[in-house]
Amino acid sequence: MNTFIHYHTLDLRVHDSPSIDISHSPNNNSTHFLPIYIFDSRQLDLSNLPNSTIKSPLPISNKSSENQVKETDLEYEPKKTRCSPLSRLSGFHRTSPYRLKFLLEAVYGLRESYRNSGSDLLIAFGKPEKILPKLIEALTEKQGKIEGLYAQREYSLEEISNYRRVQNSLKQKGSKLEFTFNDSKTLIPPQHLPFKPETKTPDVYTEFRKKVEGLGIGLNEMLLPPLQTAEIDDNDHLKIKVNDGELKPFPNINLKEIDLNEGDGGFVLEGDELDKIEGLYMKLVKPLIDNPPKVGGWSKEIQIENELPKLNNRSAIPFTGSEISGLQRINDYIGKEVCSGWKGGDKAKKYKETRNGLLGEGFSTKFSTWLSLGSLSPKTIGWRVGQLLEDQGRDKEVYKNVYWILFELLWRDYFQYTVLKTSLTDSYNNKKTIKNDEIHPNSSLFNPDGFSSQISTYPQELRPNPSDWNKSNLNDTNDPARRWCEGKTGVPFIDANMRELIETGWMSNRGRQNVASFLTKDLYCDWRIGAEFFEMHLIDYDTCSNWGNWQYQAGVGNDSRSSRQFNPIKQANDYDENNEFVKTWLPEIRDIDEQYIQTPWLTNDKSKFNDYPSEPVVELPSWKKHYPNQAPTRNRYGKDGKPKGKGKAKGNGNKGPKGGQNTNNIDV
Ligand SMILES: Cc1cc2nc3c(=O)[nH]c(=O)nc-3n(C[C@H](O)[C@H](O)[C@H](O)COP(=O)(O)OP(=O)(O)OC[C@H]3O[C@@H](n4cnc5c(N)ncnc54)[C@H](O)[C@@H]3O)c2cc1C
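Residues numbered from 1 in each chain as written. Predicted model: local features only at pLDDT ≥ 70, side-chain atom pairs only at ≥ 80, totals over all residues. Heavy atoms only, no water.

Thoughts on the overall build of the chain
Scanning the chain from N- to C-terminus turns up 21 helices and twelve strands. Across the 668 residues of the chain, 60% fall into the buried class. Within the chain, contacts between residues separated by at least 24 positions form 73% of all contacts whose residues are at least 6 apart in sequence. Total accessible area on the chain stands at roughly 27400 Å², and carbon and sulfur atoms take up 47% of it. (Helix = DSSP H or I, 4+ residues; strand = E, 2+ residues; numbered from the N terminus. Buried < 20%, exposed > 50% of the residue type's maximum accessible area, 1.4 Å probe, protein only. Contact = heavy atoms within 4.5 Å. Areas by Shrake-Rupley, 256 points an atom, 1.4 Å probe, with all protein chains shown as cover.)

Some remarks on the environment of G296
Topologically, G296 is positioned in the loop between α9 (277-290) and α10 (323-333). The residues contacting G296, other than those within four sequence positions of it, are E486 and I502.

Remarks on the UniProt feature "site: Electron transfer via tryptophanyl radical" (unreviewed entry) in the chain
Per the UniProt record, "site: Electron transfer via tryptophanyl radical" (unreviewed entry) is annotated on W469, W527 and W550. Tracing the chain through its elements places W469 in the loop between α14 (396-423) and α15 (480-485). Here W527 shows up in helix α18 (residues 527-537). In this structure W527 comes out as buried when scored by relative accessible area, which is 0%. Excluding anything up to four places from it in sequence, W527 contacts L445, N447, P448, W469, T520, W547, W550, Q551, A554 and V556. (UniProt positions renumbered as here; feature names shortened; annotations may be inferred.)

A short note on the site of the ligand
What surrounds the ligand is a group of 26 residues, the closest being Y351, S364, T365, K366 and N509. Contacts to the ligand include S364, whose side-chain N or O atom sits 2.5 Å from an oxygen atom. T365 places a polar side-chain atom, nitrogen or oxygen, 2.5 Å from an oxygen atom of the ligand. Alone, the ligand offers 820 Å² of accessible surface; in the complex the protein occludes 97% of this. A total of five residues in the shell around the ligand trace back to one element, the largest contributor, which is α14. Here the residues of the shell around the ligand are counted per class, giving twelve nonpolar, eight polar and six charged. (Near = heavy atom within 4 Å. Polar contact = N/O pair within 3.5 Å; in protein donor to acceptor, adjacent residues only side chain to side chain. Nonpolar A, V, L, I, M, F, W, Y, C, P; charged D, E, K, R; others polar.)

Focus: the pattern of salt bridges
According to the stated counting rule, one finds 32 salt bridges in the structure shown. The salt bridge involving E615 is made with K606; its shortest N-O contact spans 3.8 Å. For K606, a relative accessible area of 32% puts it in the partly exposed group. Several salt bridges converge on common partners, so that one network encompasses D40, R42, E129 and R165. (Salt bridge = Lys/Arg side-chain N within 4 Å of Asp/Glu carboxyl O.)

Focus: α18
The buried count for α18 comes to eleven of eleven residues, which makes it a mostly enclosed element. The set of residues buried in α18 consists of W527, R528, I529, G530, A531, E532, F533, F534, E535, M536 and H537. Contacts made by the buried residues of α18 are with α2 (97-116), α15, α16 (492-504), α17 (509-522) and α19 (543-554).

With respect to the nonpolar core
Counting residues in hydrophobic clusters, the biggest one holds 132 residues, and the most contacted among them are F39, W484 and F533. The element contributing the most residues to this core is α14, with 15 residues. Listed in part, the 23 residues of the second largest apolar core include I5, I136, A151 and I253. (Core = buried A, V, L, I, M, F, W, Y, C linked by side-chain atoms within 4.5 Å.)

Topic: the environment of R528
Secondary-structure assignment places R528 in helix α18. Accessibility expressed as a relative area gives 16% for R528, which makes it buried. For the pair formed by R528 and P35, sequence separation is 493 residues and the distance between their alpha carbons is 35 Å. When residues no more than four places from it in sequence are discounted, the contact partners of R528 are L89, F446, N447, P448 and W547.

With respect to empty space enclosed by the protein
To locate leftover empty space, one rolls a probe as large as a water molecule over the atoms. By the definition in use, this model includes six cavities of 30 Å³ or more. Size it by volume and the largest cavity reaches roughly 600 Å³. Lining the largest cavity are 34 residues, with L10, Y37, Q43, R99 and E159 positioned closest to its centre. Residue assignment for the lining of the largest cavity shows that the elements contributing at least two residues are β1 (2-8), β2 (32-40), α2, α4 (157-172) and α19. The biggest single contributor to the lining of the largest cavity is α4, with five residues. Residue composition of the lining of the largest cavity, grouped by class: 13 nonpolar, nine polar and twelve charged. (1 Å grid on protein atoms, 1.4 Å probe; cavity = no way out; pocket = protein on both sides within 12 Å on 5 of 7 lines; lining within 4 Å. Points joined across faces, edges and corners; volume = space filled by probe spheres on them.)

Digging into unusual backbone geometry
The residue D236 is not glycine, and still its phi comes out positive at about 65 degrees. The backbone of K366 sits at a positive phi, close to 65 degrees, despite the residue not being glycine. Within the element layout of this structure, K366 appears in the loop between α11 (351-354) and α12 (368-371).

Quick look at the environment of W601
By the secondary structure assignment, W601 is in the loop between α21 (580-585) and β12 (666-667). Relative accessible area serves as the criterion here: at 8%, W601 is assigned to the buried category. Once the C-alpha coordinates of W601 and W484 are considered, the two residues, 117 residues apart in sequence, prove to be 17 Å apart. Contacts of W601, omitting those with residues within four sequence positions, involve G490, V491, P492, I569, K606, F609, S614, E615, P616, E619, W623 and Y627. Side-chain polar atoms of W601 contact the side chain of E619, separated by 3.2 Å.

Concerning the packing of α16 against α17
At their nearest, the axes of α16 and α17 sit 9 Å apart, and the two run at 115 degrees to each other. The way α16 lies across α17 gives a crossing that is left-handed. Contact residues: α16 offers F493, I494, N497 and M498, while α17 offers G511, N514, V515 and F518. Taken together, the residues that form the contact of α16 with α17 break down as five nonpolar, three polar and no charged. (Axes fitted to C-alpha atoms, helices over the stretch in contact; angles between N-to-C directions. Left-handed = near helix turned anticlockwise from the far one by under 90°.)

Comments concerning the packing of α17 against α19
Where α17 meets α19, the axes come as close as 9 Å, and the angle between the chain directions of the two elements is 55 degrees. With respect to α19, the element α17 is oriented oblique. Here α17 and α19 pass one another in a crossing that is right-handed. Two secondary-structure elements touch here, α17 through Q513, A516, L519, T520 and K521 and α19 through W550, Q553 and A554. Here the contact of α17 with α19 is composed, by residue class, of four nonpolar, three polar and one charged. (Parallel < 35°, antiparallel > 145°, perpendicular 65-115°, else oblique.)

Written as structure tokens, this is what we have:
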């Protein structure tokens, strides 16, 4: 037996799979293919699973107090390391019940694809550095060989550290086996970039984009075809496709004979109850339900029943997590070639015009939800976009709209490569090292002053000073940051977005920009509270995109020109012209006088406020010119966010509660 192991991390798919491709190429000597996924106890509370000896990081648990975290247990001490199911600064859960559901759907979907193809997915729980070496040891014991240990290359520290821990542990056990990484995380793989991303990723996105787009003669050079390793069959099942037609068999291993449970090491999925997604979900969600976050709570739809939680019927993401659902979304949004021509794609053809929308599933692609877990590969999306563009010939309008999807996917690549460039540097000591077994606490991705601290060209006077920020006390129900989290700032456009996040695990890009600006520039709070809150809830949470975008909005990213301050009243006027979005998510103020829905504190009649705050947590002078009955400002901006006329938005000298963060904030 010669086993090819693929360790699935954030690549929960079988289509466009380099490992399936390589392991089934004619010169590969493997006889068996073993795909494995590990639920990591650093990310999820696994204490409620049968067989688990893992301690709960949560203060109250359904398990006995012996099984709870002790102060001395550094690994779970949330303040010192990100390697915990609780966040470092605010102690938020790192995963919400919705995110958990989406993850489980992706993992079980992956297993189904393997099973449809005559194989299986090994699902284990615990610490990868304990589980993988044990497994490898067991596989080699009876003169078996390991052809290779494969995984997707990641760019964020926690993921890199995970691989390093496994590698170290293998070394300690005397194994010479090393990871082979594939570069399928990004649309443009690192080797195809015209610069070394680890040192030369430009500090400004536009420069990055221009360099990437200048790769060659347009799309053909930029968009490479995905690997044809799976296809959807006539019964809507995803099946693996390999050269000679047969997927190499799953190795014959008796998991019961392998003691994965070394210390609090790990264990595998056993028993009918856990074999079903609902069974595992109930076990994993219980600690979350028993310990709802003190700030904001969980969606009202989340209850423990013997089924997965229903999605809110107002949700912009009526989707399930899983590769097949992602692939179907591509078919729906971008369309595909069929014998009679191109089928579908109407949404993509309007993408640039609609992408700033707030309600419904069609205004933007929603691909981020599947991209975050690797259930869709960016290459697959890019390739399909290229095909649609080719099909549409020279139609300029279509080109402008459809091409913009690539423009946005390049933003995603940009954040991955920026993190690669900056995060491996200890921003305080400027050493290009991180310890092998933990996240470097000084990684600038998680530091208050962010990437800006590492960029020599970032003007000193624009650098934020974290010591000036307002201190937050999230235990105080009146604390501005807490009111922000809970959607109770009294500014409806902000609150509606935050309620949508809690209720569905989703928020539009327009919403994310606005609420981030509000927390950091209007309330002048530490941006990391927002980043951690998003991490807890967003079902499309991606370390690089989330923390990178938060830095960008907070003005601590690497681009000193990014210090824009969104004016929530103006934004509401521009993007929620009919107040539909606010009325959807804030039913309590639905009945107040229509003209005051975005500025309820201005109405004299407070009788229809229900529990909604009668005064906003902050009111900035720059908002006033956008109040009702002021000179008309509605729709001065087009749906693409650009001014309709020639004039640009002018700086308004907003100072914010503490005198303003940057001197050049622009009001948008
Ligand atoms: C404060 C803040 C936090 C964010 N956190 C995340 C996050 O955790 N995960 C995440 O995927 N995106 C994040 N974004 C980026 C962006 O909001 C989402 O990618 C986008 O809203 C996802 O919706 P969509 O797939 O319909 O996007 P579309 O508009 O359809 O865009 C297509 C794809 O391009 C990529 N993309 C678009 N905008 C961005 C961007 N600004 N940065 C990086 N990639 C982008 C996404 O992969 C997206 O799926 C964040 C943005 C902000 C302002």
